[in-house]
Amino acid sequence: MTLLFAFVIVGTPGRWGTDTRWALRALGALMLGLLLFIHTRRRYILPQRKSHRPTKVWGLPEYQVNVLQRTAGQAQISNTSDNAGPAQARIFTSAVIYPAHVRQRLTERYDPGQRTLTQFVTIDAQLPSRDVQRLLNPADTATLQKSGIPTQRTTTSNDVSEGGRSDADTKQHPAVILFPVLVPRKGEMVDNLRVLAADGSAVPVLSYRQYLQLVAKVLRTLLDIAYGEDISNGNHSDALEAERTALQAVMRRATTTSDEADDHEGSNALYRAGHANGRQKLANPAALKLAAQLIKKLSSHYAVVAAVPCPVDGRFVVSYERMMTPTLALAPWSEGILSWLKARARLLLGSRPVDFSISLDNAWTTQSYHLIIDCQDGVFVGVQEAQGLVGYLDAHWNDRQSRLEQSFALEKTSPLLELTTPPPYYRFRRRAGQRYAHFYTRFFPEPREKLPDGERIPDVRFRFYEVPPGSVFRALIAAAAAALLIWLIGFVTSREPDPGTDVPAFLLVFPAVAAAWLGFDSQPRRLLEGTLAARLSLLATVLCSIAASGLFMVYKAGLPLLQWKVPPDMQILGITSTAWSVLMLLAVLNASTTGYAYLARTWEFIHLSARTDGFGGPKEYLH
């Protein structure tokens, strides 16, 4: 391809004739394009397509379900005692199905990097006092002996050797809470996860095997409570078979690109076994409903479970951090040709994105939710919006009011708790030229299937701008210098083509060198970098400066090229040459548009920063 490229540039000897020379050049250019296409397809396109093939997933063997069932029937859930089993099961199930009942406050913070976002999530949780007492005081079984709830099975010596806890271990090791800190969808990878306690120390996280054992034990405990006795006593074979089906749904693996519908096979099997024809009334139908909801959730998701020490008051703080890679969303053609071109120009010119959105997936899992985007110094929040948020909240609030009216119409004296919660509330931190954005909401509703405008969680979008002067000011300086030099040398050269010195040629190259150094020699600034306006201005400065230097050498050498004159009765800022006039106008236009962008961004920053918040906060003075 190199020789073919040289042939297209050099051409054939002049004696071959003009027609032959251009025909051979055209043929060479066609062959070069074809070879370049083949090389690009083989070297870049095909390897990329092959690297994105679906990942093969091997399912767990069937006998693993039997192992889990035996584990659930032989060992207890609690790390400290037998009597804490129902309490631990209720805590884990509630934290998975109804996380907002346990999580009082959740703060989600993002720290932008070069091409990644580091997510920091802090969870402030409060457990029910009765469950905490059962965890901390396992010897007090008075509250456990209720009608319809079986006494938890005792631990045998084999259980201790296989992982059970003796009384001596119970005294030495305090009770822990097996708390799900993160419940992602199956197939979703969690990168560089760290779970931390309130003091910053690392918190142990259950392995996948331990997680499956925990789910099996929780499910068995809930089924025992629902049926009022140990379902493994031989009287509930259908319940054991439903439990097996449910565990198979939990163990089923998913691919990284799984978009399949949620698997309801396990939860439906539990419902069918509990409401089969001829069966007596369940001792605790609510426990069966919890078990079915838990299996329905864990059939499409998996939980990252941390072992958190159980405090006396039941309130604890746990946090986790992980790395995330934002998807680069290029503007499609449907948004207009200008948006399409600007998106591609940002990539070609190295202008890092300053616009990204965050999903409010964690908002409904807590009562009070805070989202903070903490960027670097040198940028400020320019735009913050949440399209679809008002419609989402309206849909849920109207649906709740309708269901509440139906509840009263049916003469229910105590409507469901979810129908009596306060209305949702949200607000943004006012823009004041700060580098961080803050979104706050409480009582955020959980998405509901088949609810118009209320089944998809909205996103919050933020756009950050550079704090003046920034890269636009540097581009303005280079553009103004180039425009001034081009006008000055064009003014002289249009009257005297050979000024007797080569200094103008060096002066014209200086803005190009300065523009390249100012725009591309600086260190990359994490996720947010120079603006597209600054990069385009610097590129225009380089092109104008190089063109002016070449035009000066053409005039100095006296070549009969580009020697057009403007009309005799017309001069453009004193320049009589048409070529110099066009170059000068392009340079002035570049400097003018860059100056306008700089003044507009500066005014916007001053306008946002000078607003008073009305709460008597700190002030910064400029004199």
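Structural data are supplied above this passage.
Here the structure is a predicted model, which is why all the values come from computation and not from measurement. (Residues numbered from 1 in each chain as written. Predicted model: local features only at pLDDT ≥ 70, side-chain atom pairs only at ≥ 80, totals over all residues. Heavy atoms only, no water.)

With that out of the way, let us pick up the overall build of the protein. Across its full length, the protein carries 17 helices and 12 strands. By the burial criterion, 41% of the 623 residues in the protein qualify as buried. In the protein, of all internal contacts separated by at least 6 residues, the share reaching a separation of at least 24 is 79%. Carbon and sulfur atoms make up 59% of the accessible area of the protein, which totals about 34,600 Å². (Helix = DSSP H or I, 4+ residues; strand = E, 2+ residues; numbered from the N terminus. Buried < 20%, exposed > 50% of the residue type's maximum accessible area, 1.4 Å probe, protein only. Contact = heavy atoms within 4.5 Å. Areas by Shrake-Rupley, 256 points an atom, 1.4 Å probe, with all protein chains shown as cover.)

This next bit is on the sheet that holds strand β10 (residues 425-428). Read across the open sheet, the seven strands follow the order β4-β6-β2-β1-β8-β11-β10; overall the sheet is mixed. Edge positions in the open sheet fall to β4 (191-197) and β10, since each of these has one partner strand only. Direction aside, the axes of adjacent strands within the sheet are offset by 10 degrees on average. In terms of strand pairing, strand β2 (residues 117-126) meets strand β6 (residues 315-324) through 10 bridges, oriented antiparallel. (Pairing = 2+ DSSP bridges. Axes fitted to C-alpha atoms, helices over the stretch in contact; angles between N-to-C directions.)

Phe 179, Leu 360, Leu 371 and Ile 373 are the most contacted members of the largest nonpolar core, which totals 92 residues. For this core, the element with the most residues is helix α8 (residues 208-227), which contributes 12 residues. If near-sequence neighbours (up to four positions away) are discounted, Ile 373 is found in contact with Tyr 110, Phe 356, Ile 358, Arg 435, Tyr 436, Ala 437, Phe 462 and Phe 464. Counting 17 residues, the second-largest nonpolar core is a separate cluster that includes Ile 489, Ala 579, Ala 587 and Ala 591. (Core = buried A, V, L, I, M, F, W, Y, C linked by side-chain atoms within 4.5 Å.)

Quick look at unusual backbone geometry now. Across residues other than glycine, the phi torsion is negative in most instances, and most of the peptide bonds are trans. In this structure, the amide linkage connecting Pro 468 to the following residue, Pro 469, adopts the cis form with an omega of 10 degrees. As for its position among the elements, Pro 469 is in the loop between β12 (459-466) and α14 (470-493). With phi around 65 degrees, Lys 450 is a residue other than glycine that occupies positive phi space. With respect to the helices, strands and loops of the structure, Lys 450 is situated in the loop between β11 (436-442) and β12. Even without being a glycine, Asp 453 presents a positive backbone phi close to 65 degrees. The exposed category is assigned to Asp 453, whose relative accessible area is 61%.

Here we take up the pattern of salt bridges. Under the criterion given, the structure shown has 12 salt bridges. The closest approach of N and O atoms between Arg 194 and Glu 321, which form a salt bridge, is 3.6 Å. With Arg 194 in strand β4 and Glu 321 in strand β6, this residue pair connects regions lying 127 residues apart in the sequence. The exposure class of Arg 194 is partly exposed, given its relative accessible area of 40%. Look at Glu 321 and you get buried, because its relative accessible area is 16%. Between Glu 243 and Arg 220 there is a salt bridge, and its shortest N-O distance comes to 2.8 Å. Pair noted here: Glu 243 is in helix α9 (residues 237-251) and Arg 220 is in helix α8, with a separation of 23 residues, a long-range link. One salt-bridge network, held together by shared partners, links Asp 355, Arg 461 and Arg 463. (Salt bridge = Lys/Arg side-chain N within 4 Å of Asp/Glu carboxyl O.)

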